[in-house]
Amino acid sequence: MPDTAHVAGGRDSVMGATARAGANVALVKYWGKRSSEKNLPAVGSISLTLSGLVATARVEVDSRGARFRSRGEPVDGVAGERMTGFLDWLAERLGVEARFCTDVAATFPVGAGLASSAAIHCAVAAAASSACGARVGLRELSRLARVGSGSAARSVYGGWVEWHRGTRDDGEDSDAEQLHSEDVWPVALLVAVAEEGKKDVPSRDAMEHVTATSPLFAGWVAAQDGDLEAMRRAIAARDLRAVGTIAEENCLRMHATCLAARPPVFYWTPATLAAIQRVRELRGSGCDAYFTIDAGPQVKVVCAPQDADAVAEGLATVPGISRVLRSGAGPGVEITDGAIPWR
Ligand code: PMV
């Protein structure tokens, strides 16, 4: 369970709110930006919000102490600066003179390619809106969260979610919407952890580098609308085989842009490749299981719930895989302490 009590405890004298959001895993990926400043994506994306990988953020107004804390410990360096910049941007955007501070906690490793930034930035945007008494719709919240971390735009909603690329320079048409709620189609999502430490190239930096230097980037962008359309249809038809096939192809195409960058960006370790191979073997033995990989070495596997035990066992014995996290489709962002800023 998220450590809500820890981040919320004992500060009754300051205005604040707490929100909880799930990570999401992209099945058609966000990769590349059309504007870095506003985190406007070069392509649309489709994801599944997860039940098992959850972040909680307590945001307080004008409290003293470090602006960004993780389980009470100040976070410095680039991560601290980025979060402080996001908090200041949120205050300005929400029209308050507040100086926001946040304390976050996640139920899973942070900064390791597990989409922690999506869950954290979504929870921070929601808690900040609540803390200052703002009224924001969910789509607006999605646009706020997007500025903290692009993929956070999708964690606002539960289940199957599409984030639109949009065409406007101000980003007002680049937000997420729910395609189907988390309870319409039960699927399992397993994460084979290939590396417990922090990843070496943050997705933000890699995206900019790949956009600028990879000769394959244009091909990636050109193919995306076809994948989005096919994925929408596959999800609507509850066709796991089609969902998985598109997800695998889209993921490999994204990583191909990285390999073709100058210098190349490698996210995979030998364990990543071995886990991919194991998923293909499991499929050969009758399991409905498909992989996807984000900006890190972890292998995420979507499968039918009835195959989850066999797939988890199969992944756990892959050399170099330290553990397997289990999740399913989860709900959208929730305010756990404070006024609900949306209807
Ligand atoms: O939201 P960011 O800046 O952490 O980028 C996420 C990028 C990928 O995880 C690789 C793909 C995605 O759509 O989530």
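None of these values were measured; they are calculated from a predicted model. (Residues numbered from 1 in each chain as written. Predicted model: local features only at pLDDT ≥ 70, side-chain atom pairs only at ≥ 80, totals over all residues. Heavy atoms only, no water.)

1. Considering empty space enclosed by the protein
Considering all chains together, one arrives at one cavity of 30 Å³ or more under this definition. There is about 40 Å³ of room inside the largest cavity. Ala23, Asn24, Val25, Leu50, Leu53, Leu114, Ala115, Leu189, Val191 and Lys300 together form the lining of the largest cavity. Counting residues per element, the ones that place at least two in the lining of the largest cavity are strand S1 (16-28), strand S4 (45-61) and strand S10 (188-193). In terms of residue count, the dominant contributor to the lining of the largest cavity is S1 (three residues). When residues are assigned to domains, the lining of the largest cavity turns out to be shared by domain 1 (4-184) and domain 2 (188-328), each giving three or more. (1 Å grid on protein atoms, 1.4 Å probe; cavity = no way out; pocket = protein on both sides within 12 Å on 5 of 7 lines; lining within 4 Å. Points joined across faces, edges and corners; volume = space filled by probe spheres on them. Helix = DSSP H or I, 4+ residues; strand = E, 2+ residues; numbered from the N terminus. Domains from an automatic or database assignment.)

2. Things to note about the site of the ligand
Tyr30, Ser149, Ser151, Arg154 and Ser203 are the nearest of the 14 residues found near the ligand. Side-chain polar atom of Ser117 to an oxygen atom of the ligand: 3.4 Å apart, as the coordinates give it. The side chain of Ser149 places a nitrogen or oxygen atom 3.0 Å from an oxygen atom of the ligand. In isolation the ligand has 380 Å² of accessible area, and contact with the protein removes 92% of it. A class-by-class count of the residues in the shell around the ligand yields six nonpolar, five polar and three charged. When residues of the shell around the ligand are sorted by domain, at least three fall in each of domain 1 (4-184) and domain 2 (188-328). (Near = heavy atom within 4 Å. Polar contact = N/O pair within 3.5 Å; in protein donor to acceptor, adjacent residues only side chain to side chain. Areas by Shrake-Rupley, 256 points an atom, 1.4 Å probe, with all protein chains shown as cover. Nonpolar A, V, L, I, M, F, W, Y, C, P; charged D, E, K, R; others polar.)

3. Concerning the domain arrangement of the protein
Along its sequence, the protein is carved into domain 1 (4-184) and domain 2 (188-328). Using only C-alpha atoms to locate each centre, domain 1 and domain 2 end up separated by 23 Å. Note on domain 1 versus domain 2: buried area summed over both sides is about 3,300 Å², and carbon and sulfur give 66% of it. On the domain 1 side of the contact with domain 2, Leu27, Lys29 and Trp31 bury the most area, a combined 25% of that side's loss. Counting the contacts that link domain 1 with domain 2 gives three salt bridges. Taking the shortest distance from any N to any O, the salt bridge between Asp294 and Lys29 comes out at 2.7 Å. For the side of domain 1 that touches domain 2, the secondary structure elements donating two or more residues are S1, S4, strand S8 (160-163) and strand S9 (176-180). Sort the elements by how many residues they give to the side of domain 1 that touches domain 2 and S4 lands first, with seven residues. (Buried area = accessible area lost by both parts, 1.4 Å probe. Salt bridge = Lys/Arg side-chain N within 4 Å of Asp/Glu carboxyl O.)

4. A closer look at the side chain of Thr272
Of note, Thr272 is situated in helix H9 (residues 270-284). Those residues in contact with Thr272, other than ones at most four positions away along the chain, are Ala194, Ile293, Pro297 and Val299. (Contact = heavy atoms within 4.5 Å.)

5. Some points on helix H8 (residues 240-259)
When the terminal C-alpha atoms of H8 are compared, their 28 Å separation across 20 residues agrees well with the 28 Å that a helix rising 1.5 Å per residue should span. All buried positions along H8 are accounted for by Leu240, Val243, Gly244, Ile246, Ala247, Glu248, Asn250, Cys251, Met254, His255, Thr257 and Cys258. Where H8 is buried, its residues contact S1, helix H6 (203-213), helix H7 (217-236), H9, strand S11 (289-292) and strand S12 (299-303). (Expected span 1.5 Å × (residues − 1). Buried < 20%, exposed > 50% of the residue type's maximum accessible area, 1.4 Å probe, protein only.)

6. Re H9
Residues that lie three or four places apart on an α-helix share one face, since the helix turns once every 3.6 residues. Here H9 is 15 residues long and its end C-alpha atoms lie 21 Å apart, about the 21 Å a rise of 1.5 Å per residue gives. For H9, the set of buried residues is Ala271, Thr272, Ala275, Ile276, Val279 and Leu282. Looking down the long axis of H9, one finds its buried residues gathered within 145° of arc, a one-sided arrangement. Exposed residues pointing more than 90 degrees away from the buried face of H9 are listed as Pro270 and Gly284. The secondary structure elements touched by the buried residues of H9 are H8, S11, S12 and helix H10 (308-316). Downstream of H9 by a residue or two, Gly286 has a phi angle that is positive, lying close to 105°. (Arc of directions from axis to C-beta.)

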